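# Inside the fold
Take a look at the letters that make up each chain.
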Amino acid sequence: MKIRIALLLPLLALVALISPRAFAVDRTLCVYDPIGRAGDYYRIMEEFSVAAAGWGVSLTLKAYTDEETASRDYEAGHCDGVLATGVRLQRFNRFPSTLEAMGALPTYDHLRSMVDAMAKYPSAAARLRAGDHQTIGFIPVGAAYLFLQDRSRDTVSELAGLRVATMDYDKASPVMVDRVGAIRVGADLGSLGPKFNNGDVDACYMSAGGYRPFELSRGLEPSGGILRYPLAQATLQLLVRAPQFPDDFSGESLTWFSEHFDDGLKLVEAIEADIPAKYWIDIPPDRIAEFDELFLQTRLKLRDEHKAYDTHMLSAMRKLRCSMDATRPECAEGLE
Amino acid sequence: MSKLPAVASAFTVLLLCGCSRTVDRYTMERVVPQAGAMGDVDRACALGASMGHVLASAGRGDKQPHLALVIAETTAGFCAEGEAWEAELEAARLMFRGDDLPAVQDARIREARAHAQAAQRFLSSWEHLVAHYGPVGTGPCPELAGDEGIVYLLGMYAGVNALLHDRAGGGGLGVPMDIPVAVARGTECVDDEQWWHAPWAMRAAAWAMVPGMAPEGVEPWAELEAAALASESTGVRLGRGLQVLVAANAGRDADVAHALVAHAAANDAGPVDSTWALLDEYSRLVSLHEADLMWTAAKGHRCADMGVLPNAPARADPAPDPFAGDDPFGAPPAPPSTPPSDPETTP
């Protein structure tokens, strides 16, 4: 028996030698998904990891339900990449985060075109890198809408005096809130729902995905509504330390996310369709211009005074808006 | 020998009467104690999966045997959940090897389908719960007679689990995302002491899932740990299983590692509630799956022992080194030799 085992040992050693893991590179990604490992965005990242394996990179995904912790862990070097919202990753590179600029992309078609353009044009891809940090993917997570406790206050002038919950880490919303003469009330993801539902604030902004988990119907009853005009397009962005990945990885990745844009969009559309129709407030076409002007002035202030928005991205988005609708007043002005 | 075939035959007779309340009563008084005492999740899930349609046929319109169906659909969900777990492990194993990406993709698709089926069954359980007792977490608590607390508890667990499986399966069912909030409030309706502190654990788990849901000053993860710890001595360690499930989902590796070790130790040391062995075993399987997943990602195979982590530090060196100094297994030290005489100095 001892002899048989002795004969097997070299064979086992050979098996160990010929079955190494097939990847050239092993990397870890911190993945934020509000639902965690069971969430839709984590699932999209699992699909991405299979594609990445085909490009020679083995990705270990680490789920986070807290976005700030995910981005901090990336910063601390606990992972080689992070999936988080653009606004959260603003400090690494303003160019991709400006995709979420206030009112810059009025529809999901606009957003899709921008994501496609960034995958297609080298001029954009170059700006997606800042130092070692490179943005290599975008997933739509839904437009942020204004939730109002009083649906009758649906014009720009009527927003004056409202108490509006603004996220502590968001630089853009306080500027808009100040501009319309509303009152800022600081909040975070944990306190936003309770503040709206308890009447501590009159309005808050959020993607449709927050409607059910935070039971925002409680704050919307009896006479509230949701302005159906995107304040901003929230995206999850994949940011990596470029030197840790093969040279052609970012291009492959941007293309992959561009091709899978509609996977994320389907989820968004399903969640938005789940909100009862009675809550939606459609802005009449003749009043949309006043919101567009508010958003434009807010963007300019954030670009020029707060240095929060990237000039090139704002300009690209204006070109896109004007290519899709040349009658917009801004197309002649060219302020962005 | 199991009494389940006899139970199934008796069921058939009962179903012929077409009285949903009788079926509910029989389920609660005879089937639940039988299946609950049996620590065999496979058989319980097979029974649930096979009886679901039969039970549903006993009712007319709104008058269905909802209590029986909460139990049947939840246990049926365990089958599909188990299939999803196996596919998930297979995908992880194949990813570890990295030499067959289409097979990884195939395993992932299989996993998603099983998640979707689990979501369907768990959602059905939740819907029967709501149909029988009314909306969960709003208004006064329903009156829970006898052991109905377990039905309420399982139905709520099924609701949260339906949501998680639906998202993992692609969200095709659109399970309402406000179920965790409702469940957090609904757990107040179930006696915590009687049901192994599972209501407490479930409440804390729901708080941990949705930011801002916990009362001011309450840290959900600390609360979940307290509830899980309290469950250890009850014989049904559902609290630990829930802790592992929710912490793993949130990527809290340290919490998962702690809970796995604690769960394994409690299983070794703690009592078993023979009346509810099924749920204790199910809790063990929830934790075991997570341990298997950790091991497969790290080493390419399942765990041999749930309480040992793949990245556990090597055992410390024994100190002091018993072999320091003379070799205890070597030849005895040579006797001191006399120095050779110097011929030149020898007189």
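Residues numbered from 1 in each chain as written. Chains lettered and ligands numbered in written order. Predicted model: local features only at pLDDT ≥ 70, side-chain atom pairs only at ≥ 80, totals over all residues. Heavy atoms only, no water.

## Considerations on the overall build of chain B
On a plain count of helices and strands, chain B comes out with 12 helices and zero strands. Ordered by position from the N terminus, the helices and strands of chain B form the series α-α-α-α-α-α-α-α-α-α-α-α. Counting every position in chain B, which comprises 347 residues, the buried fraction comes to 52%. Nonlocal contacts in chain B, meaning residues at least 24 apart in sequence, comprise 67% of its contacts between residues at least 6 apart. When the accessible surface of chain B is summed, it comes to about 16300 Å², and 56% of that surface belongs to carbon and sulfur atoms. (Helix = DSSP H or I, 4+ residues; strand = E, 2+ residues; numbered from the N terminus. Buried < 20%, exposed > 50% of the residue type's maximum accessible area, 1.4 Å probe, protein only. Contact = heavy atoms within 4.5 Å. Areas by Shrake-Rupley, 256 points an atom, 1.4 Å probe, with all protein chains shown as cover.)

## As for the confidence of the model for chain B
All names here are of chain B. Mean pLDDT for chain B: 88, with 85% of residues reaching 70 or above. Predicted confidence is poor over residues 342-347, with pLDDT under 50, and the contacts of this stretch with residues over four places away or in other chains come to one contact. Taken together, the chains of this predicted complex give a pTM of 0.87 and an interface ipTM of 0.84. (pLDDT = per-residue confidence, 0-100.)

## Looking at the pattern of salt bridges
Across all of its chains, the model carries 38 salt bridges over all chains by this definition. Across the pair Glu290(B) and Arg37(A) runs a salt bridge, and its minimum N-O distance is 2.8 Å. Here Arg37(A) lies in the loop between β1 (25-32) and α2 (40-54) and Glu290(B) lies in helix α12 (residues 277-299), a pairing that spans two chains. Arg97(B) serves as the salt-bridge partner of Asp99(B), at 3.1 Å between the closest nitrogen and oxygen. With relative accessibility at 48%, the residue Asp99(B) sits in the partly exposed group. Where salt bridges share partners, they join Asp292(A), Arg299(A), Arg321(A), Arg328(A), Glu330(A) and Glu336(A) into one cluster. (Salt bridge = Lys/Arg side-chain N within 4 Å of Asp/Glu carboxyl O.)

## Remarks on the environment of Asp280(B)
Residues and elements named next belong to chain B. Following the sequence through the fold, Asp280 ends up in helix α12. Linking Asp280 and Gly270, residues 10 residues apart in sequence, is a C-alpha distance of 11 Å. Non-local contacts of Asp280, meaning those with residues more than four positions away in its chain, are made with Gly235, Val236, Arg237, Asn267 and Val272. Within the local environment of Asp280, its side chain forms a polar contact with the backbone nitrogen of Arg237, the two atoms lying 2.9 Å apart. (Polar contact = N/O pair within 3.5 Å; in protein donor to acceptor, adjacent residues only side chain to side chain.)

## Some thoughts on the state of the cysteines
All names here are of chain B. Considering all chains together, one arrives at four disulfides over all chains under this definition. Note that Cys45 is cross-linked by a disulfide to Cys79, the S-S spacing being 2.1 Å. Torsion about the S-S bond of the Cys45 and Cys79 cystine: about 110°, corresponding to right-handed handedness. Residue Cys45 is found in helix α3 (residues 41-56), and its partner Cys79 is found in helix α4 (residues 66-97); the two are separated by 34 residues along the sequence. If you count the bonded cysteines of chain A from the N-terminus, they pair up as 1-2, 3-4. (Disulfide = S-S within 2.5 Å.)

## Things to note about the pairing of β1(A)
Residues and elements named next belong to chain A. By the criterion of burial, β1 is predominantly enclosed, with six of the eight residues buried. Bridge analysis of β1 against strand β2 (residues 57-64) gives eight bridges, and the strand direction is parallel. In the strand pairing of β2, Val31 is matched with Ala63. Each parallel crossover has a hand, and the one from β1 via α2 to β2 is right-handed. (Pairing = 2+ DSSP bridges. Right-handed = clockwise from strand over helix to strand, strands pointing away.)

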